[in-house]
Amino acid sequence: MSNLGLIISLLIIGAGLLWLLIRSLQGKEVERRIIFLFIGLAVSVPLLFNITFSEKATPIVKALYDKIDNLPEGSNILLSFDYGPTMAPEVQPMSDVLIRHVLAKNHHLFLMGLWATGQSLGAEAVDRIIKGDFPEKIDGIDFVNIGYKAGNQGVLNVIVTDFRKLYATDVGGRDLDSLPIFNGIKSLKDMDLLISVGGGFPGVKEWVQFAGDPGNVPTGGGSAAVSAPLLYPYYPRQMLGLMGGIKGAAEYESEFKRHYERFKDMPEPGVKMMGPQTLAHLVIMAFIVIGNLSYFFGKKGKQS
Amino acid sequence: MKRKIPVLITFVVGSVLILSVFFPPIETWGEDFSIFFDIIAVFAFFLGGGNLLRIHTKKAIKRQKDWGFSIVTVLGFIIMLIAGLFKVWNDGGIAGDVAAPGSLFQMMYNWIFTPLGATMYALLAFFVASASYRAFRAKNVGATILLVASFIILLGRTPLGTYVTGWIPKSLSIFNIPDLAIWIMTAPNLAGQRAIMIGIALGVVSMSLRLILGVERTYLGVDNE
């Protein structure tokens, strides 16, 4: 039944686009509201009928995956939530799968945020993923959330040499020195991997410039699709890997699930959102073609 | 005096931050100045919050255009502020995590702020589609190149790219759409981005020098001399 619904929906979208194509051959422009309607359909149909595609990790995503996977057990990995709710639907799947991967490998996970809005998202991730999938992991021993501090890259400038100059406690008000996970950890230089997930300022770029490079610590990231192209100059020497947009998240999720049998039933928001993205991209491409046809035929009509 | 002191502070802070990178004995000065900055950054929240209240309260009182939204803004701000400051319904009490699960602050964050923010971001897809329809037109050679590149990237960022060109032999893999999309990102895009970055960096160096040396004074609200 759902297949039938899917076929009917796709036929409606296809027929609608064909009708617009014929109109464009007559040199007629498409109204903005019609474009919005088609995008709405293209995004909702795959969600309603659960269309998913298999993904394979590209080298830039695989590099980050391999780094976490190949670090010796008990390594220190810091994950920074450098985003807010606006960007969360796109980048939260990256944070989710990274947390699962880091903890499944029994690494130590340090959570923080350079965005004020990141602290709540970090707390929510701890509550949903760590308490849900890793009830055996202990706060303060296996993972810790040190939260947000104001100052953007200024925060990195300080903690690259000493955490305690800025962070006296974790988000629960516990002294950092009383937490076993902080034994032997003085600064970011004691981390084995830094990961920033975000898409704005401050974000992956600032982590590379003010922490990874000066501290000589491997740095990776996850970024919203719109800002991913700006980060390519840092790959692969200064930024070892990057998840770009929802596709990057989907690739990482697929790679993780392929290797970790225990998580075969985990939610895959990235993979799930690739359906809407695929159909939306196709509709956008169709509109670009329609736009060009109406432009050329409209011009020809005016000339004649 | 009102101008000389800020210029002097800018000169000292700017110089120390630069020199601390090159001279290890004063490395800690740079860190201390960064901490000062972090402390000052916190006060920006007070200024921002105060300004928001002032503007929107005034708008609501004078019943200016869209004054209803201003009331929602002020109420939202005050309720979130109270929930966060006094840690309402927070299991850890006043010393607990502001974002503790179950607290009023975190509930409002999860169930009001997050969906609203996500909705705003989601609107982007609609505007991108509309803008693509209007902007990507093959009017000349440059626009056509941009159009072709956008097609490859759009297709390469979906699994369809693999389905359409997955049959291409490995020796010709550059014509595989996902590989072509990666090439566009790592070659032409990279070159362009680097050029922009170098340009921006040179601009930052020159502007920083102007600020440190007191040539640029517009940040003080006065014209340059």
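Student: Would you explain the overall build of chain B in this entry?
Tutor: Helices and strands together make up the secondary structure of chain B, namely eight helices and zero strands. When the helices and strands of chain B are placed in sequence order, the string is α-α-α-α-α-α-α-α. Scaling as 2.2 N^0.38, a compact globule of 225 residues should have a C-alpha radius of gyration of about 17 Å, whereas chain B reaches 26 Å, well beyond that. Its C-alpha atoms put chain B at 65 × 50 × 40 Å along the principal axes. Counting only residues that meet the buried cut, chain B has 30% of its 225 residues in that class. Contacts in chain B between residues at least 24 apart in sequence constitute 29% of all its contacts with a sequence separation of at least 6. Within chain B, the 11 negative side-chain charges are centred at a point lying 16 Å from the centre of the 18 positive side-chain charges.

Student: Would you mind showing me how to read the interface of chain A and chain B here?
Tutor: How big an interface is tends to be reported as the loss of accessible area on association of its parts. Opposite the 64 residues of chain A that make contact, chain B presents 57 residues. Notably, a salt bridge pairs E31(B) with K165(A), separated by 2.7 Å at the nearest N-O pair. Our count for the chain A to chain B interface comes out at 19 residue pairs in polar contact (both at pLDDT 80 or more). In terms of residue class, the side of chain A that touches chain B is built from 33 nonpolar, 22 polar and nine charged.

Student: Help me understand the pairing of strand β3 (residues 143-148) of chain A, please; the structure alone is not making it clear to me.
Tutor: The two faces of the sheet receive side chains in turn, since in a regular strand these alternate between them. All names here are of chain A. Taking burial as the measure, the six residues of β3 include six buried ones, the bulk of the element. As paired elements, strand β2 (residues 108-113) and β3 share five bridges and run parallel to each other. In the sheet register, F110 faces β3, and the bridge partner there is V144.

Student: What exactly am I supposed to notice about the packing of helix α5 (residues 141-156) of chain B against helix α7 (residues 177-186) of chain B here?
Tutor: A pair of packed helices is captured by two measures, namely the crossing angle of their axes and the spacing between those axes. Residue and element names in this part refer to chain B. Interhelical geometry of α5 versus α7 gives an angle of 120° and a closest axis separation of 8 Å. As judged from the angle between their axes, α5 and α7 are oblique. α7 is crossed by α5, and the crossing has left-handed handedness. Contact with α5, carried on its side by A149, I152, I153, L155 and G156, involves I177, P178, L180, A181, I184 and M185 of α7 and no other residues of that element. In terms of residue class, the contact of α5 with α7 is made up of ten nonpolar, one polar and no charged.

Student: What exactly am I supposed to notice about the sheet that holds β3(A) here?
Tutor: All names here are of chain A. The parallel open sheet is built from six strands, whose spatial order is β3-β2-β1-β4-β5-β6. With one partner strand each, in any of the chains shown, β3 and β6 (241-244) form the two edges of the open sheet. Sheet twist, expressed as the mean angle between neighbouring strand axes with direction ignored, is 15°. Sheet strands touched by helix α5 (residues 118-133): β1 (76-82), β2 and β3. Its angle to β3, the strand with the most contacts, is close to 160°.

Student: Please explain the nonpolar core as it appears in this structure.
Tutor: Most often, soluble globular proteins have nonpolar side chains that are buried together. With 79 residues, the main nonpolar core has F163(A), F182(A) and L188(A) as its most contacted residues. For this core, the element with the most residues is helix α4 (residues 88-104) of chain A, which contributes eight residues. The residues contacting F182(A), other than those within four sequence positions of it, are F110(A), V144(A), I146(A), F163(A), R164(A) and L176(A). Counting 31 residues, the second largest nonpolar core, distinct from the first, contains I13(A), L20(A), L279(A) and A138(B).

Student: Please clarify how the domain arrangement of chain A should be interpreted in this entry.
Tutor: Residue and element names in this part refer to chain A. The domains assigned to chain A are domain 1 (2-51 + 269-303) and domain 2 (59-263). Domain 1 puts six residues into the contact, and the matching count from domain 2 is eight residues. Between domain 1 and domain 2, roughly 560 Å² of surface is buried when both sides are summed, and carbon and sulfur atoms account for 74% of that area. Summed over the shared surface of domain 1 and domain 2, the number is zero salt bridges. The interface formed by domain 1 and domain 2 includes two residue pairs in polar contact (both at pLDDT 80 or more). A per-class count over the side of domain 1 that touches domain 2 returns four nonpolar, two polar and no charged.

Student: Explanation requested: the pattern of salt bridges in the structure shown.
Tutor: It is possible for side chains bearing opposite charge to pair when their charged atoms get close. All names here are of chain A. Going through the model one piece at a time under the given rule, you end up with 19 salt bridges over all chains. One salt bridge in this structure joins K247 and E251, with 2.8 Å as the shortest N-O distance. Of this pair, K247 and E251 are both found in helix α8 (residues 245-259), four residues apart, which corresponds to roughly one turn of the helix. In this pair, the class of K247 matches that of E251, namely buried. Here E268 makes a salt bridge to K257, at a shortest N to O gap of 3.2 Å. Taken as a pair, E268 in the loop between α8 and α9 (269-303) and K257 in helix α8 lie far apart in primary sequence, eleven residues in all. Relative accessible area serves as the criterion here: at 19%, K257 is assigned to the buried category. Salt bridges linked by common partners bring K62, D66, E255 and R258 together as one network.

Student: Would you mind going over the packing of aromatic side chains with me for this structure?
Tutor: What characterises a pair of aromatic rings is the spacing of the ring centres plus the angle enclosed by the ring planes. This model, assessed by the stated rule, comprises 16 aromatic pairs over all chains. Chaining the aromatic ring pairs together yields one cluster made of F134(A), F256(A), Y260(A) and F263(A). One Lys or Arg, R63(B), reaches over the ring of W67(B) and ends 4.5 Å from the middle of that ring. The ring of Y133(B) carries R137(B) above its face, with NZ or CZ at 5.1 Å from the centroid.

Reading the values: rules and limits
All residue numbers refer to positions counted from 1 along the written sequence of the respective chain. In the order they appear in the text, chains get letters beginning with A and ligands get numbers beginning with 1. In keeping with the predicted nature of the model, local features appear solely for residues at pLDDT of at least 70, side-chain atom pairs appear and are counted solely at 80 or more, and the whole-chain, interface and lining totals rest on all residues. Each side-chain value is derived from all of the structure's non-hydrogen atoms; neither hydrogens nor water enter the calculation. Here a helix means four or more residues in a row that DSSP labels H or I, a strand means two or more in a row labelled E, and each is numbered from the N terminus. Atoms considered for the radius of gyration are the C-alpha atoms alone. The globule rule reads 2.2 Å times the number of residues to the power 0.38. Any residue under 20% of the maximum accessible area for its type is buried, any over 50% is exposed, and the rest in between are partly exposed; the area is computed with a 1.4 Å probe on protein chains only. By the convention used here, residues are in contact when the closest approach between their heavy atoms is within 4.5 Å. By the counting rule applied here, Lys and Arg register as positive and Asp and Glu as negative, while His and the ends of each chain are not counted. Taken as the charge location is NZ of Lys, CZ of Arg, CG of Asp or CD of Glu. When a carboxyl oxygen of Asp or Glu lies within 4 Å of a side-chain nitrogen of Lys or Arg, that pair is called a salt bridge. Polar contacts here mean pairs of N or O atoms no more than 3.5 Å apart (in protein, one a potential hydrogen donor and the other a potential acceptor; neighbouring residues in sequence count only if both atoms are side-chain atoms). Under the convention adopted here, Pro, Cys and the residues Ala, Val, Leu, Ile, Met, Phe, Trp and Tyr are nonpolar, Asp, Glu, Lys and Arg are charged, and Gly plus all remaining residues are polar. Between any two strands, at least two bridges found by DSSP are needed for them to pair. Axes here refer to lines fitted to C-alpha atoms; in helices the fit is confined to the stretch in contact. Angles between the N-to-C directions go from 0 to 180 degrees. Should an angle fall under 35 degrees it is taken as roughly parallel, and over 145 as roughly antiparallel, whereas 65 to 115 is taken as roughly perpendicular and any remaining angle as oblique. In this scheme, a crossing is called left-handed if the near helix is turned counterclockwise away from the far one by less than a right angle; it is called right-handed if the turn is clockwise. The term nonpolar core refers to a set of buried residues drawn from Ala, Val, Leu, Ile, Met, Phe, Trp, Tyr and Cys, joined through side-chain atoms within 4.5 Å. All domain edges in this entry derive from an automatic or database-based domain assignment. Using a 1.4 Å probe, buried area is obtained as the accessible area two parts lose upon being combined, added over both of them. Pairs were defined over the aromatic rings of Phe, Tyr and Trp, the Trp ring being its six-membered one, requiring ring centres within 6.5 Å. Orientation was assigned from the angle between planes: stacked under 30 degrees, edge-to-face over 60, tilted for the rest. Working rule: Lys NZ or Arg CZ, within 6 Å of ring centre, within 35 degrees of ring normal, means a charge sits over the ring.

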